[in-house]
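If you want the building blocks of each chain, they are given just below.
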Amino acid sequence: PPPPPPPTPPPTPTPNLGSIFSNDQLVLEQFVLARLELMLTVVSMNLAVVLEGLLMTTGRTKTVLVVGVVGSWCGQVPLVALLVTFWEPSLRAVFLGVSVGYAIACVGLGAALVRLDWSVLAQEAEARANIGTAPAVASQEEQEAAQSQTADARLTVMLADDADAQRPATVE
């Protein structure tokens, strides 16, 4: 009879995220136990970063600041303290409190995004880009004509003028 196959070696331990903080086996086990709460923290934190970025691009920096402070100091900090004190003193409690605090911030940021008036934002963006402002050398009549046109019409005229300026001059 053929000899039995050699025993398979034990699986190589997978690297643990906690190993960047400690080599202590107890700490590494806490990271393994807190993997769900850590995942929730990472997801909610990244969602908050995306929502903050959207609001920041609309110029609503004060809203981002207020919601961030509320999410951190009214959400994360007290929740972590309560969970660690009354539930269990562990990384699970810390990450769960942080993730709920970020979720609170996400709700506030999402509510602020939903309430935005996009027509006002478009007007603000147009003003920032200076679309439709007449050049300094334009005559008074040209400036008045430009102000009476819609933004789309002004943009069309500007693009046509740019195209005309880029065409080579023809000799007659």
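Please refer to the structure placed before this passage.
The rules behind the values
- Residues numbered from 1 in each chain as written.
- Predicted model: local features only at pLDDT ≥ 70, side-chain atom pairs only at ≥ 80, totals over all residues.
- Heavy atoms only, no water.
- Helix = DSSP H or I, 4+ residues; strand = E, 2+ residues; numbered from the N terminus.
- Buried < 20%, exposed > 50% of the residue type's maximum accessible area, 1.4 Å probe, protein only.
- Contact = heavy atoms within 4.5 Å.
- Areas by Shrake-Rupley, 256 points an atom, 1.4 Å probe, with all protein chains shown as cover.
- Salt bridge = Lys/Arg side-chain N within 4 Å of Asp/Glu carboxyl O.

Q: In this structure, what is going on with the overall build of the chain? I would like to understand it.
A: Secondary structure summary: the chain contains seven helices and zero strands in total. In sequence order, the secondary structure elements of the chain are arranged as α-α-α-α-α-α-α. Here the chain holds 172 residues, and 23% of them are scored as buried. Of the contacts made within the chain by residues no fewer than 6 positions apart, 61% connect residues no fewer than 24 positions apart. Carbon together with sulfur atoms contributes 67% to the accessible area of the chain, which is approximately 12,500 Å² in total.

Q: Is there a simple way to explain the pattern of salt bridges in this structure?
A: Once their charged atoms are close, side chains differing in charge can pair, the charge on each being opposite to the other. Within this structure, the stated rule accounts for three salt bridges. Among the ionic pairs, E37 bridges to R92, the shortest N-O distance being 3.1 Å. Residue E37 is located in helix α2 (residues 35–57), and its partner R92 is located in helix α4 (residues 91–114); the two are separated by 55 residues in the primary sequence. R92 sits in the partly exposed class, given a relative accessible area of 26%. One salt-bridge network, in which partners are shared between bridges, spans E37, E88 and R92.

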